[in-house]
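For reference, the chains in residue letters:
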Amino acid sequence: MRKKHFTLIEIMIVVAIIALLALIALPNFMKAREDAREATCEANLKQIHGAKQQWAISTNQLDTATPALSDLADYFSTSENSIACPAGGTYTIGAVNTEPTCSINGHALP
C-alpha cells in the first residue's frame, strides 16, 4: 500500500490561504485595538473631570482653580490612585471649569 502525502503545491496553497486570511484580519485587529485605547482614554478623561468636580467641592475651591493630578488621586476609582493614557499620551488637567484633554489626537471627551 502506498502512503498518501501532501504535495508541495497543496502545502503552498494552504500557506497562501492562511497568509491571505491574516492580511484581511490584521487591519481589523489593529483598528479594534486603537478603538479600545480611545474608549479607555475617553473613560479616563471622564473620570478626571469627575474627580476635579469632587476635589473642588470637598476643598472649597473656585471653578477656576487648577488641581494637580496628584491632588485628584483620592478621587479616582482605580486601585492605583493614578490614571494614564493607554496609548502613551499625557493628560492636561486644566481648571475645574474646563474639560481635561489628552495629547493624542482623537482622544477627547465627546
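Residues numbered from 1 in each chain as written. Predicted model: local features only at pLDDT ≥ 70, side-chain atom pairs only at ≥ 80, totals over all residues. Heavy atoms only, no water.

A. The arrangement of the overall build of the protein chain in detail. Along the protein chain, the regular secondary structure elements total 1 helix and 2 strands. If you list the helices and strands of the protein chain from N to C, you get α-β-β. Relative to the 2.2 N^0.38 estimate, which gives 13 Å for 110 residues, the radius of gyration of the protein chain is 24 Å and therefore markedly larger than a compact globule would have. A principal-axis box enclosing the C-alpha atoms of the protein chain has dimensions of 90 × 25 × 15 Å. Per-residue burial over the protein chain gives 23% buried out of 110 residues. Restricting to contacts in the protein chain with at least 6 residues of sequence separation, those with at least 24 account for 62%. Roughly 8,000 Å² of accessible area belongs to the protein chain as shown, and the carbon and sulfur atoms make up 62% of that amount. (Helix = DSSP H or I, 4+ residues; strand = E, 2+ residues; numbered from the N terminus. Rg over C-alpha atoms; globule rule 2.2 N^0.38 Å. Buried < 20%, exposed > 50% of the residue type's maximum accessible area, 1.4 Å probe, protein only. Contact = heavy atoms within 4.5 Å. Areas by Shrake-Rupley, 256 points an atom, 1.4 Å probe, with all protein chains shown as cover.)

B. Region of interest: unusual backbone geometry. Positive phi values are uncommon outside glycine, yet N60 reaches one of about 55°. By the secondary structure assignment, N60 is in the loop between α1 (8-58) and β1 (91-92). What makes N60 exposed here is its relative accessible area of 71%.

C. The nonpolar core, seen in detail. Counting 16 residues, the largest nonpolar core has I48, L72 and Y91 as the members making the most contacts within it. Counting residues per element, this core draws most heavily on α1, which supplies 6 residues. (Core = buried A, V, L, I, M, F, W, Y, C linked by side-chain atoms within 4.5 Å.)

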